[in-house]
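# Coordinates in review
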Amino acid sequence: MGLSGVLHVEVEVKSPAEKFWVALGDGINLFPKAFPNDYKTIQVLAGDGNAPGSIRLITYGEGSPLVKISAERIEAVDLENKSMSYSIIGGEMLEYYKTFKGTITVIPKNGGSLLKWSGEFEKTAHEIDDPHVIKDFAVKNFKEIDEYLLKQTSA
């Protein structure tokens, strides 16, 4: 097994793609409020927090299994295809991975959404595990966002 790799996961949710995409875009405000166990704070250090070049500092809650702080830079945003890419540029994750780039795409499917997440990584050493824990955290977040949005709709 080499030092570099890519993980992929797909998750189907009930929330419509447009609504889910808007929630992701409002993550700076929504995630710490709705999911305090996962996110303590999300601060925008540069840009508007969503546009390419924006830098966000995330302080994670007890629900985060691997890291407590990370800085990420938005690399690309495709509004039409509801896709965004980000790179980790600071925090404990860089102790394990020289590079980590994530991509999230929200695709309409049967009134709900198909969420595609991928993580490209390069480990700092062979004994470091592939970042399955990060993939699992993303899946957990997607399901929590869906539950939150469905509760808002029925409220």
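Residues numbered from 1 in each chain as written. Predicted model: local features only at pLDDT ≥ 70, side-chain atom pairs only at ≥ 80, totals over all residues. Heavy atoms only, no water.

## Some details on the nonpolar core
In terms of nonpolar packing, the biggest core is built from 39 residues, with Phe20 and Trp117 touching the most fellow members. For this core, the leading source of residues is helix H4 (residues 132-154), giving seven residues. Contact partners of Trp117, with chain neighbours within four places excluded, come to Leu7, His8, Val9, Tyr86, Phe100, Thr103, Ile104, Ile134, Lys135, Ala138 and Phe142. (Core = buried A, V, L, I, M, F, W, Y, C linked by side-chain atoms within 4.5 Å. Buried < 20%, exposed > 50% of the residue type's maximum accessible area, 1.4 Å probe, protein only. Helix = DSSP H or I, 4+ residues; strand = E, 2+ residues; numbered from the N terminus. Contact = heavy atoms within 4.5 Å.)

## Some details on the UniProt feature "domain: Bet v I/Major latex protein" (unreviewed entry) in the protein
UniProt feature "domain: Bet v I/Major latex protein" (unreviewed entry): in the numbering of this structure it lies at residues 2-152. The annotated region residues 2-152 carries 28% helix and 45% strand content, and the separation between its end C-alpha atoms amounts to 44 Å. (UniProt positions renumbered as here; feature names shortened; annotations may be inferred.)

## Points about unusual backbone geometry
Notably, Lys82 is not glycine yet its phi reads approximately 50°, a positive angle. Mapped onto the fold, Lys82 is located in the loop between strand E4 (69-78) and strand E5 (83-91). One non-glycine residue, Asn110, lies in positive phi territory at about 50°. Relative to the assigned elements, Asn110 resides in the loop between strand E6 (97-109) and strand E7 (112-123). The class of Asn110 is exposed, set by a relative accessible area of 76%.

## Here we look at the sheet that holds E7
In any sheet, the strands associate via hydrogen bonds between backbone groups, in a parallel or an antiparallel arrangement. Pairing within the open sheet is antiparallel, and its seven strands lie in the order E1-E7-E6-E5-E4-E3-E2. The sheet terminates laterally at strand E1 (4-13) and strand E2 (39-46), the two strands that pair on one side only. Across the sheet, the axes of successive neighbouring strands diverge by a mean angle of 25°, strand direction being ignored. Judged from the 10 bridges that link them, E1 and E7 form a sheet pairing that is antiparallel. The partner of Glu12 across the bridge, within E7, is Leu114. (Pairing = 2+ DSSP bridges. Axes fitted to C-alpha atoms, helices over the stretch in contact; angles between N-to-C directions.)

## Side note on the pairing of E6
With five bridges connecting them, E5 and E6 associate as antiparallel partners. Looking across to E6, one finds that Met84 is bridged to Ile104. Across 12 bridges, the pairing between E6 and E7 is antiparallel. When the bridges of E7 are listed, Tyr97 appears paired with Lys123. Connecting E6 to the antiparallel partner E7 that follows it, the hairpin turn spans two residues, and Asn110 within it adopts a positive phi of roughly 50°.

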